[in-house]
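Spelled out, the chains give:
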Amino acid sequence: MTQWYDAAASDAVTEDAVLGCAVNGVPVAIFRVEGEVFALYDLCSHGHARLSDGYVEDDCVECPLHQGLVDIRTGKPRSAPISEPVRSIPAREVEGRIEVEL
């Protein structure tokens, strides 16, 4: 059964940046794209690198280990060497806080 968990203050996540945090023991990377919040499991599917350490541009995050791109909105790979999706985690804003569903 899934549940919504508090992850961060809304103003802690800005456009073109990423916030890495642990939510209920799960590593989560939180993004803001065009005003909407998104969350991904904070581990690249190609190697053991934290996406929260990556570079954000437009709607993608670049893995800091091997520069593959992941779509922030869906977790789908956008460029090699990443070929497997990263788990997308539902995210929402409620009363100035970001929550993720785990």
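Not measured: the values here are computed from a predicted model.

**Side note on the UniProt feature "domain: Rieske" (unreviewed entry) in the chain**
UniProt annotation of "domain: Rieske" (unreviewed entry) refers to residues 4-100 when read in the numbering used here. Within the segment residues 4-100, helix and strand shares are 0% and 46% respectively, and the terminal C-alpha atoms sit 5 Å apart.

**Let's talk about the pairing of strand β4 (residues 36-41)**
When strand β3 (residues 26-33) meets β4, the two strands line up antiparallel, connected through 6 bridges. Within β4, the position partnered with I30 by the bridge is A39. Here 2 bridges tie β4 to strand β8 (residues 88-89), and the two strands are oriented antiparallel to one another. Its bridge partner lying in β8, A39 is registered against I89.

**Details of the side chain of R32**
Here R32 lies in strand β3. Judged by relative accessible area, which is 13%, R32 ranks as buried. In this structure the side chain of R32 is engaged in a polar contact, spanning 3.1 Å, whose partner is the backbone oxygen of G35.

**Considering a negative patch on the surface**
Taken together, the side chains of E15, D16, E57 and D58 present a region of like negative charge at the surface. Looking at the element boundaries, E57 is found in strand β5 (residues 55-57). Note on E57: relative accessible area 45%, which makes it partly exposed.

**Some thoughts on the pairing of β3**
Where burial is concerned, most of β3 is hidden: 7 out of the 8 residues are buried. Sheet topology places strand β2 (residues 18-23) next to β3; 6 bridges connect them, and they run antiparallel. Paired with L19 across the strands is I30, a residue of β3. Linking two consecutive strands that pair antiparallel, namely β2 and β3, is a turn of 2 residues; a positive phi of about 55° is found at N24 within it. Adjacent in sequence and paired antiparallel, β3 and β4 are bridged by 2 residues, among which E34 carries a positive phi angle near 50°.

**Side note on the sheet that holds strand β9 (residues 91-94)**
Overall, antiparallel pairing links the 3 strands, which are arranged β1-β10-β9 in an open sheet. Of all the strands in the sheet, just β1 (4-9) and β9 have a single pairing partner and so form its edges. Strand-to-strand twist across the sheet, computed as the mean angle between neighbouring axes with direction ignored, equals 35°. Relative to strand β10 (residues 97-101), β1 runs antiparallel, the two being bridged by 5 bridges. Considered in β10, the bridge of D6 is made with E99.

Conventions used here
Residues numbered from 1 in each chain as written. Predicted model: local features only at pLDDT ≥ 70, side-chain atom pairs only at ≥ 80, totals over all residues. Heavy atoms only, no water. UniProt positions renumbered as here; feature names shortened; annotations may be inferred. Helix = DSSP H or I, 4+ residues; strand = E, 2+ residues; numbered from the N terminus. Pairing = 2+ DSSP bridges. Buried < 20%, exposed > 50% of the residue type's maximum accessible area, 1.4 Å probe, protein only. Polar contact = N/O pair within 3.5 Å; in protein donor to acceptor, adjacent residues only side chain to side chain. Patch = residues over 30% accessible without salt bridge, like charges linked within 9 Å, V, L, I, M, F, W, Y side chains within 5 Å. Areas by Shrake-Rupley, 256 points an atom, 1.4 Å probe, with all protein chains shown as cover. Salt bridge = Lys/Arg side-chain N within 4 Å of Asp/Glu carboxyl O. Lys, Arg positive; Asp, Glu negative; His and termini not counted. Charge placed at Lys NZ, Arg CZ, Asp CG, Glu CD. Axes fitted to C-alpha atoms, helices over the stretch in contact; angles between N-to-C directions.

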